[in-house]
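Geometric and topological summary
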Amino acid sequence: EATTRRITRAFFAAHSLDELAERSDYWLGQQGRLTEPMVLREGSRHYEPIAWDDAFDLIAQNLRALDDPDDAIFYTSGRTSNEAAFVYQLFVRAFGTNNLPDCSNMCHESSGSALGETIGIGKGTVTLADVENADLILIAGQNPGTNHPRMLSSLERAKDNGARIVAINPLVEAGLSNFHNPQRVRGVIGKGTELADEYCQIRLGGDLAFFQAVGALLIDADDAGEDVLDHEFIAQYTSGFDEYRRHVAEIDWDDVHAATGLERAQIERVAQMVATAKSVVVCWAMGLTQHRQSVPMIREIVNVLLLQGNIGRAGAGACPVRGHSNVQGDRTVGINEHPPAAFLDAIDREFAITAPREHGLDVVNAIRAMRDGQARVFIGMGGNFIRATPDSRVTEAAVRNLDLTVTISTKLNGSHAICGRQSIILPTLGRTERDIAAGGEQVVTVEDSMGMVHASRGRLEPADPDLHSEVAIVCEIAKRTVGAAGTIDWDAMRGDYRRIRGHIERVVPGFDNFEQRIATPGGFALPNGPRDARQFATDDGKAHFTTNPIEVLHLEPGRLILQTIRSHDQFNTTIYGLNDRYRGISAGRRVVFVNPADLRELGVSDGDRVDLVSEWPTSAGVEERRAHAFRVVSYPTARGCAAAYFPETNV
Ligand SMILES: Nc1nc2c(c(=O)[nH]1)N[C@H]1C(S)=C(S)[C@@H](COP(=O)(O)OP(=O)(O)OC[C@H]3O[C@@H](n4cnc5c(=O)[nH]c(N)nc54)[C@H](O)[C@@H]3O)O[C@H]1N2
Ligand SMILES: Nc1nc2c(c(=O)[nH]1)N[C@H]1C(S)=C(S)[C@@H](COP(=O)(O)OP(=O)(O)OC[C@H]3O[C@@H](n4cnc5c(=O)[nH]c(N)nc54)[C@H](O)[C@@H]3O)O[C@H]1N2
Ligand SMILES: [Mo]
């Protein structure tokens, strides 16, 4: 955000749409901050300037001209503040649709589903203090060294407090295996600490089998007379234990081995650590959430935690580590294509409107609707829909099929270049910038992975004096599209965000005394039933054990399973540089990491150029997708598994 480079109208006059569509997101992002609203008129190959008012009117006209509000799609990326997200979803519902896909559909959606079903809240159950005081921490499918660097300090503190750490990952990630804390003298000059006491180099997709095996071993140990399970907790707070117990008693260790690639002895070692730990935290991120089997996989983590009552006590719990700074808060305040009825009821009461009750479209169904010509208008509150979504060829064609795309953005990216027949770019303030509204300087709020809500105040001069805030942009579009729906006062909210927080306080449980409590340093914690009081808002008021079949991914000879990862020099689709220093990669992102033994079998060598070809079985036969010209890197990843960066491999 703090770059001094600026994109002006001269830039768009010099670069045609076709040229921009050919450019990489690295190049696009390097051009600097967007400063002026731009429009691409139908049939034109260049964006041209448009006045703010004209842009808002054009958007409202297009929305009002739709036959059905469901023909519009309103995407959100997770940087959007609670205040902006709340007015955005209010506008969308007053307009008449629940089409609110968001980046979490591709991120922690599966965590939310699995946790919601089993413990009654789609969020984690730990505080930072729990992580730092845990006796044992399992870190599955997460690369904190690059993606959550501040978490390493908490892990180090946990270690100092005597915790043991188990990493479960097909890649040996440097942050976990050889940690240098630059804030400590010995961190800079010493040789780094081994954070992980045990490294399970698991096969991709093997975690369901892994956690089920751990659960089976815990029950065995307890049956053998060791004091492992928390029987009181199981009896008082859970349901489904007997069925779970029967299910895991029949576990097939050959399947476990095939799915995980791990030796039984290592899984037994981990189970022993879990059995003897006083408290256990399980952390996870994209390595677990992005599988077809992610929901049952994460349910297996819950099973293991429930066995020992590791929910709702100090130093223990479930810890899905989020991505975008406010992705969790956006959900809390209503960015949700299938919101709970209670939320919609509260919106209706607060604003005297009738919000639609039908489920809206998530990301994948939004792409289908665009592809099939049902959707006509797309509005993106931040993010980079084109590059963040899978199956690029289909998505690009789908978006080009639209009458209008609108992007509210800080920087240029692929979604501005690959767009609808008409397209509007609305530049906006970043959260680090001062936000002055009619009622004076504004603050916004965000919620972190631990459910802590705190204020965020921009301190920098805006990149351009004419930039509008996200709140202002939404309120202007809303005013012109739905007018004075119910008792909604768009101008009042836009002028003073305390008005928005007042509405949030009355609509969303847990925000009582919102305004006073954000003045507290560090903010305040939203209520969390499982964590605070072992209360589980499920159908029977108990936490649920579940039974989940183990699926072994079978590969044809000569094939590998590909995962996508982030490099050190990127934040999602924003690429800052071409290096990935912890993995020893420089000057290039089109690389594929493969185990040396697999390379020998494939007859491919380190440094070779290859195409990555994906085979996808459909009813019409096997479809092929091809990503061209990748450099092969011999690398310690699990056998049969490969890794490459996103978004290059999204195709
Ligand atoms: N610097 C930086 N920070 C970021 C981001 C960024 O792009 N750059 N993105 C932010 C966002 S939105 C998010 S969601 C988070 C993402 O944070 P992470 O989830 O840490 O990000 P990824 O790079 O996708 O790493 C996935 C990890 O899971 C492992 N993995 C993959 N498949 C499996 C599997 O089947 N089993 C197991 N056990 N492990 C597996 C991979 O080897 C890798 O270590 O980071 C956030 N922070
Ligand atoms: N293959 C593959 N695909 C993935 C993933 C993966 O691991 N593998 N990860 C998925 C995950 S976890 C996520 S979260 C999604 C991310 O999907 P998105 O959130 O859609 O993508 P980002 O790259 O974070 O969006 C970056 C853009 O947001 C805009 N922006 C930045 N800050 C602001 C702001 O303050 N306000 C506004 N209005 N705009 C802003 C800028 O224009 C920037 O170009 O990608 C998903 N896609
Ligand atoms: Mo994410």
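Here goes a summary of the coordinates provided. (Residues numbered from 1 in each chain as written. Chains lettered and ligands numbered in written order. Predicted model: local features only at pLDDT ≥ 70, side-chain atom pairs only at ≥ 80, totals over all residues. Heavy atoms only, no water.)

1. A look at the overall build of the protein chain
Stated precisely, the cut-off is as follows: Every helix listed is a DSSP run of H or I at least four residues long, and every strand listed is a run of E at least two residues long, numbered separately from the N terminus. Values of the radius of gyration come from C-alpha atoms, whereas the globule rule sets the reference at 2.2 Å times the count of residues to the power 0.38. The classification of residues rests on relative accessible area computed with a 1.4 Å probe and restricted to protein chains. Under 20% of the type maximum is buried, over 50% is exposed, and intermediate values are partly exposed. Residues are treated as being in contact if the distance between any of their heavy atoms lies within 4.5 Å. Positive: Lys, Arg. Negative: Asp, Glu. His and the chain ends are not part of the count. A charged residue contributes its charge at one atom only: NZ of Lys, CZ of Arg, CG of Asp or CD of Glu.
From N to C terminus, the protein chain includes 30 helices and 27 strands. Relative to a compact globule of 651 residues, whose C-alpha radius of gyration would be 26 Å, the protein chain shows 25 Å and is just as compact. A buried classification covers 58% of the 651 residues belonging to the protein chain. A sequence separation of at least 24 residues applies to 76% of the contacts in the protein chain between residues at least 6 apart. The protein chain carries 66 positive and 88 negative side-chain charges, and their two centres are separated by 5 Å.

2. What to know about a negative patch on the surface
Convention followed: Only residues whose relative accessible area exceeds 30% and that form no salt bridge are eligible for patches; like-charged ones are grouped when within 9 Å, while nonpolar side chains (Val, Leu, Ile, Met, Phe, Trp, Tyr) are grouped when within 5 Å. To be clear on the numbers: accessible area is Shrake-Rupley with a 1.4 Å probe, and residue cover counts the displayed protein chains and nothing else. Should a side-chain nitrogen of Lys or Arg be within 4 Å of a carboxyl oxygen of Asp or Glu, the pair is scored as a salt bridge.
Among the surface-exposed residues, D67, D68, D70 and E358 lie close enough to one another that they form a single negatively charged patch. Topologically, D70 is positioned in the loop between α4 (52–64) and β5 (72–76). For D70, a relative accessible area of 33% puts it in the partly exposed group.

3. Considerations on the nonpolar core
Our working definition: Grouping buried Ala, Val, Leu, Ile, Met, Phe, Trp, Tyr and Cys residues that are joined through side-chain atoms within 4.5 Å yields what is termed a nonpolar core.
Judged by nonpolar contacts, the single largest core of 61 residues is most densely connected at L63, F74, F91, I379, I424 and L426. At nine residues, the largest contribution of residues to this core is made by helix α5 (residues 82–95). Apart from the residues within four sequence positions on either side, F91 is in contact with L63, F74, V474, I477, A478, T481, V482 and W490. Ranked by size, the runner-up nonpolar core spans 56 residues in total, among them L208, V256, V274 and M297.

4. Some points on the sheet that holds strand β13 (residues 404–409)
Selection criterion: The pairing criterion for strands is at least two bridges between them, as found by DSSP. Lines fitted to the C-alpha atoms define the axes, with helices restricted to the stretch that makes contact. Angles between their N-to-C directions range from 0 to 180 degrees.
Spatially, the six strands line up as an open sheet ordered β4-β3-β14-β13-β12-β5, and their pairing is mixed. Among the strands making up the open sheet, the edge pair consists of β4 (48–49) and β5. Note that strand β12 (residues 377–381) and β13 share five bridges and pair parallel. Within β13, the position partnered with M381 by the bridge is I408. Strand contacts of helix α25 (residues 470–482): β12, β13 and β14 (422–427), with the helix running at about 140 degrees to β14, the strand carrying the most contacts.

5. Brief notes about the site of ligand 2
Keep this limit in mind: We call a residue near a molecule or strand when any one of its heavy atoms sits within 4 Å of it. Here a polar contact means two N or O atoms within 3.5 Å. Within protein one must be a hydrogen donor candidate and the other an acceptor candidate, and residues neighboring in sequence count only if both atoms are side-chain atoms. Ten residues, namely Ala, Val, Leu, Ile, Met, Phe, Trp, Tyr, Cys and Pro, are considered nonpolar, four, namely Asp, Glu, Lys and Arg, are considered charged, and the remaining ones, Gly among them, are considered polar.
With respect to spatial proximity, 27 residues lie near ligand 2, and among them Y75, S77, A388, E470 and T573 are the closest. In the environment of ligand 2, an oxygen atom lies 3.0 Å from a nitrogen or oxygen atom belonging to the side chain of R566. The protein chains hide 93% of the 920 Å² of surface that ligand 2 would expose on its own. Of the residues in the shell around ligand 2, the class split is eight nonpolar, 15 polar and four charged.

6. A short note on the pairing of strand β10 (residues 280–284)
Of all five residues that make up β10, five are buried, and the element is covered over most of its length. Every second residue of β10 is oriented toward a common face, with V280, V282 and W284 on one face and V281 and C283 on the other, all of them buried. Here strand β6 (residues 136–140) runs beside β10; their pairing, made up of five bridges, is parallel. Of the residues in β10, the one forming a bridge with L136 is V280. Taken together, the four bridges between β10 and strand β11 (residues 317–320) define a ladder with parallel strand orientation. Looking at the pairing, W284 lines up with P320 of β11.

7. Considerations on the site of ligand 1
Surveying the vicinity of ligand 1 reveals 29 residues, the closest of which are N169, E173, D207, Q570 and N572. The contact in question runs from an oxygen atom of ligand 1 to an N or O atom on the backbone of N572, over 2.6 Å. Contact with the protein chains hides 96% of the accessible area of ligand 1, taken as 930 Å² for the molecule alone. Going through the elements one at a time, α8 (144–147), α17 (286–289), β21 (561–565) and β22 (570–571) are the ones with two or more residues in the shell around ligand 1. Tallying contributions element by element places α17 first for the shell around ligand 1, with three residues. Taken together, the residues that form the shell around ligand 1 break down as eleven nonpolar, 15 polar and three charged.

8. Quick word on unusual backbone geometry
The omega torsion of the bond from F646 to P647 falls at 5 degrees, within 30 degrees of zero and hence cis. Along the chain, P647 turns up in the segment after β27 (641–645). Despite not being glycine, D391 has its phi angle at roughly 55 degrees, a positive value. Accessibility expressed as a relative area gives 26% for D391, which makes it partly exposed.

9. Points about helix α27 (residues 497–507)
All of the buried residues in α27 are Y497, I500, R501, G502, H503, I504 and V507. Contact partners of the buried residues in α27: α5, α20 (341–351), β17 (444–447), α25, α26 (490–495) and α28 (514–517).

10. Structural notes on the side chain of R501
Here R501 shows up in helix α27. Only 3.0 Å separates the side chain of R501 from the backbone oxygen of V443, close enough to count as a polar contact. In this structure R501 touches E83, V443, V444, T445, F514, E515 and I518, once residues within four positions along its chain are discounted.

11. Overview of the pattern of salt bridges
Summed over all chains, the structure comprises 47 salt bridges. Where R480 meets E476, a salt bridge forms, and the shortest distance between an N and an O atom there is 2.5 Å. Taken together, the positions of R480 and E476, both in helix α25 and four residues apart, correspond to about one turn of that helix. For R583, the salt bridge goes to D580, with nearest N and O atoms at 2.8 Å.

12. What to know about the packing of aromatic side chains
The cut-off we apply is this: Two rings from Phe, Tyr or Trp (for Trp, the six-membered ring) form a pair when their centres sit within 6.5 Å of each other. Planes less than 30 degrees apart are called stacked, planes more than 60 degrees apart edge-to-face, and all others tilted.
All told, the structure shown has 22 aromatic pairs when counted by the stated rule. With a centroid separation of 4.7 Å and an interplanar angle of 65 degrees, the aromatic rings of F593 and Y635 are classed as edge-to-face. Of this pair, F593 sits in strand β24 (residues 591–594) while Y635 sits in the loop between β26 (621–634) and β27; the two residues are 42 residues apart in sequence, bridging distant segments of the chain. In this structure, F593 and Y635 share a single accessibility class: buried. Taken together, F11, F12, W27 and Y47 form an aromatic cluster joined through their ring pairs.

13. Some details on the packing of helix α12 (residues 207–223) against helix α14 (residues 241–249)
Defined as follows: In these notes the angle categories are as follows: under 35 degrees is roughly parallel, over 145 is roughly antiparallel, 65 to 115 is roughly perpendicular, and the rest is oblique.
Packing of α12 against α14 leaves a shortest axis separation of 9 Å and a crossing angle of 100 degrees. When the axis of α12 is compared with that of α14, the two are roughly perpendicular. Residues Q212, G215, A216, I219 and D223 of α12 form the contact with α14, whose own contacting residues are F241, Y244, R245, H247 and V248. Among the residues forming the contact of α12 with α14, the class breakdown is five nonpolar, three polar and two charged.

14. Let's talk about the packing of α12 against helix α15 (residues 253–260)
Using the following cut-off: Put simply, a crossing is left-handed when the front helix is turned counterclockwise from the back one by less than a right angle, and right-handed when it is turned clockwise.
Between α12 and α15, whose axes approach to 9 Å, the crossing angle comes to 140 degrees. The orientation of α12 with respect to α15, classified from their angle, is oblique. Crossing of α12 against α15: the hand is left-handed. On the side of α12, the interface is formed by A209, F210, A213 and L217, while α15 contributes W253, V256, A259 and T260. Looking at the contact of α12 with α15 residue by residue, the classes come out as seven nonpolar, one polar and no charged.

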